[in-house]
Amino acid sequence: MTSPDNLFPKRLSPRALRSVLGWIVVGIIAIIVVTVLTTSVHVIGPSEIGLRFNKAGGARGLTQTNVVSGYVLANPLTTQIISYPRGQQNYSFTRATTEGRAVDESFTFNTSDQVTLNGDVNFGYQISPASAPEIYVRFGPDVRAITDNFIRSIVRNAITRQASSYTAEELLGKGRAAFEDASQKQVAAELTPTGFLVRNFSFIGELRAPPAIVQSINAKFSAQQSAIQAQNKVVQATAEAEQTVATAKGRAQSILLEANAQAQANKILAASLTPELIQSKQIEKWNGVLPTVSGGSNGGFLINVPPAAK
């Protein structure tokens, strides 16, 4: 049977107790060191803009000198390290709930002829490192919230203002490119001074318009195309008629020239037929046989003229 004394460990010797206590102290120190390093050392990568915000002391606040990178050691009690993305931020404001947020983020605006259009926009921007402290003080650290609120409002206002200078037909046709350029310039003019660098701005797909407006524009376009086709047929018929007239005139002039030439030739030939020439030609044709004369039954004479020699 086990003795009750064996159920409990024997009392440690002073030396062993000091050793155990020493290891406990070392473990506590290691935990403290790991905790301090975990909460005090920050790594700001090349794709980030690091900011050191002083929460206490005479240097309380955030200045340009607080922009940091690489390994940064900071006291979590008095200093806060935050970061912004350095690379380009691309965001699509669309009607589809599968892009951006799960809500309709498209833009609706009116044209100069009071037609309501709707469109999706792809927008890209970067945060200027030099302006990062001011952006943090003004907007805070949440880049997504900045995009959803401040950036979106600037884009919406620019689109609304520029659209009022175009008709619906222009925006649904050749005027769209100019509309995009004007909207991007206005967005850049408002965002650049605040530290946001505009990288791209474009509408995604076709602008959406009321069906009646689309039908009206299509009907007008169809009528214009029909008018152009009819005009082309008139031009073609006129050209063909002019060609026929020209051909007839050419043939008439050709016949006239030929007739004039023949008449002139006949005139020259007639002028050359003198009695002497005719007699000469007859002599050239005579074969030397005299005409034969014989009496007829009625008392007349028959003269047989031999054929001319050929």
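Located above this text is the structure these notes cover.
The residue count restarts for each chain, going from 1 along the sequence in the order it is written. Given that the model is predicted, a residue must reach a pLDDT of at least 70 before its local features are reported, and side-chain atom pairs must reach 80 or more before they are shown or counted; all residues, however, enter totals for whole chains, interfaces and linings. As a rule here, side-chain values come from all non-hydrogen atoms in the structure, and water together with hydrogens is ignored.

## With respect to the overall build of the protein chain
Then step 1. Secondary structure elements follow DSSP: runs of H or I no shorter than four residues count as helices, runs of E no shorter than two count as strands, and numbering proceeds from the N terminus. When you go through the protein chain residue by residue, the secondary structure sums to 7 helices and 11 strands.
Then step 2. Only protein chains enter the area calculation, which uses a 1.4 Å probe; residues under 20% of their type maximum are buried, those over 50% are exposed, and those in between are partly exposed. Taken over 310 residues, the protein chain has a buried fraction of 24%.
Then step 3. Pairs at least 24 residues apart make up 68% of the contacts formed inside the protein chain by residues separated by at least 6 positions. The contact criterion used throughout is that any non-hydrogen atoms of two residues lie within 4.5 Å.

## Overview of unusual backbone geometry
Then step 1. Positive phi outside glycine occurs at Gln114, with the angle close to 60 degrees.
Then step 2. If you trace the backbone, Gln114 turns up in the loop between β7 (107-110) and β8 (116-127).

## Thoughts on the packing of aromatic side chains
Then step 1. For this analysis, a ring pair means two rings from Phe, Tyr or Trp (six-membered ring only for Trp) whose centres lie within 6.5 Å, classed as stacked if their planes differ by under 30 degrees, edge-to-face if by over 60, and tilted for the remaining angles. What the rule picks out here adds up to 13 aromatic pairs.
Then step 2. Connected via pairs of aromatic rings, a cluster forms that spans Phe109, Phe123, Tyr125, Phe139, Phe150, Tyr166, Phe179, Phe196, Phe201 and Phe203.

## Focus: the environment of Asn90
Then step 1. Here Asn90 is to be found in strand β6 (residues 89-93).
Then step 2. In this structure the C-alpha to C-alpha distance between Asn90 and Tyr125, which are 35 residues apart in sequence, comes to 6.7 Å.
Then step 3. Ignoring sequence-local partners within four residues, the contact set of Asn90 consists of Phe123, Gly124 and Asn200.
Then step 4. Side-chain polar atoms of Asn90 contact the side chain of Gln88, separated by 2.7 Å. As used in this structure description, the phrase polar contact means that two N or O atoms lie within 3.5 Å; if the pair is within protein, one of them must be able to donate a hydrogen and the other to accept it, and residues adjacent in sequence are counted only when both atoms belong to side chains.

## Looking at the packing of helix α3 (residues 143-163) against helix α5 (residues 176-191)
Helix-helix packing is characterised by the crossing angle of the two axes and by the distance between the axes.
Then step 1. Contact geometry of α3 with α5 gives a least axis separation of 9 Å together with a crossing angle of 135 degrees. Classified by the angle their axes make, α3 and α5 are oblique. When the axes of α3 and α5 are compared, the crossing they make is right-handed. Every residue of α5 that contacts α3 at Phe150, Ile151, Ile154, Val155, Asn157, Ala158, Ile159, Arg161, Gln162 and Ala163 is listed here: Phe179, Ala182, Ser183, Gln186, Val187, Glu190 and Leu191. Angles shown run from 0 to 180 degrees and are taken between the N-to-C directions of axes, each axis being a line fitted to C-alpha atoms and, for helices, limited to the stretch in contact. Angle categories: roughly parallel below 35 degrees, roughly antiparallel above 145, roughly perpendicular from 65 to 115, and oblique for all the rest. Definitions for this section: a left-handed crossing has its near helix turned counterclockwise from the far helix by less than a right angle. A right-handed crossing has that turn clockwise.

## Here's the deal with the environment of Ser83
Then step 1. Along the polypeptide, Ser83 turns up in strand β5 (residues 79-85).
Then step 2. Distance in space between the C-alpha atoms of Ser83 and Pro141 is 7.4 Å, their sequence separation being 58 residues.
Then step 3. Beyond its immediate sequence surroundings of up to four residues, Ser83 is in contact with Ile44, Glu48, Ile49 and Gly50.

## Regarding the nonpolar core
Then step 1. Judged by nonpolar contacts, the single largest core of 38 residues is most densely connected at Tyr84 and Phe123.
Then step 2. Take this core: its biggest share by element is 9 residues, from α3.
Then step 3. With residues near it in sequence (within four places) discarded, Phe123 still touches Gln89, Asn90, Tyr91, Phe93, Ile151, Val155, Val187, Leu191, Val198, Asn200 and Phe201. Nonpolar core, defined: a set of buried Ala, Val, Leu, Ile, Met, Phe, Trp, Tyr and Cys residues in which side-chain atoms within 4.5 Å join the residues together.

## Some details on the pattern of salt bridges
Then step 1. Criterion for a salt bridge: a side-chain nitrogen of Lys or Arg within 4 Å of a carboxyl oxygen of Asp or Glu. Here the structure, examined in full by the defined rule, presents 3 salt bridges.
Then step 2. One salt bridge in this structure joins Asp148 and Arg144, with 3.2 Å as the shortest N-O distance. Of this pair, Asp148 and Arg144 are both found in helix α3, 4 residues apart, which corresponds to roughly one turn of the helix.
Then step 3. By relative accessible area, Asp148 is classed as buried at 12%.
Then step 4. Residue classification places Arg144 among the partly exposed residues on the basis of a relative accessible area of 39%.

## Considering α5
Then step 1. Expected span of a helix, by definition, is 1.5 Å for each gap between consecutive residues, and there is one gap fewer than residues. Here α5 spans 22 Å end to end across 16 residues, near enough to the 22 Å set by a 1.5 Å rise per residue.
Then step 2. Listing the buried residues of α5 in full gives Arg176, Phe179, Glu180, Ala182, Ser183, Gln186, Val187 and Leu191. Down the axis of α5, the buried side of the element spans an arc of 165 degrees, and every buried residue falls inside it. Exposed side of α5, more than 90 degrees from the buried face: Lys185 and Ala189 are the residues found there.
Then step 3. Next to the buried residues of α5 lie β7, β8, α3, α4 (168-171) and β9 (196-208). The reported arc concerns the directions from the helix axis to the C-beta atoms and nothing else.

## Notes on the side chain of Asn118
Then step 1. Position of Asn118 among the secondary structure elements: in strand β8.
Then step 2. Take Asn118: its relative accessible area is 6%, and that puts it in the buried class.
Then step 3. Of note is the side chain of Asn118, whose polar atom sits 3.1 Å from the side chain of Ser106.
Then step 4. The residues contacting Asn118, other than those within four sequence positions of it, are Arg95, Ser106, Phe107, Thr108, Phe109, Leu207 and Arg208.

## Observations concerning a nonpolar patch on the surface
Then step 1. A cluster of nonpolar side chains, contributed by Leu21, Ile24 and Ile28, occupies part of the molecular surface with about 270 Å² of accessible area.
Then step 2. The partly exposed category is assigned to Leu21, whose relative accessible area is 46%. Excluding any residue in a salt bridge, patches collect residues exceeding 30% relative accessible area, merging like charges within 9 Å and nonpolar Val, Leu, Ile, Met, Phe, Trp and Tyr side chains within 5 Å. Each accessible area value is a Shrake-Rupley result obtained with a 1.4 Å probe; residue values ignore everything except the protein chains displayed when judging cover.

## A closer look at the pairing of β7
Then step 1. The two faces of β7 differ: Phe107 and Phe109 on one face are buried, but Thr108 and Asn110 on the other face are not.
Then step 2. Count of turn residues in the β7/β8 antiparallel hairpin: 5 residues, of which Gln114 carries a positive phi of about 60 degrees. Should DSSP find at least two bridges between two strands, the strands are regarded as paired.

## Considering helix α2 (residues 132-139)
Then step 1. Turning to α2, its buried residues are Ala132, Pro133, Ile135 and Tyr136. Down the axis of α2, the sector holding all buried residues measures 165 degrees, keeping them to one side. Residues Val137 and Arg138 are exposed on α2 and point more than 90 degrees away from its buried face.
Then step 2. Just beyond α2, the residue with positive phi is Gly140, at close to 90 degrees.

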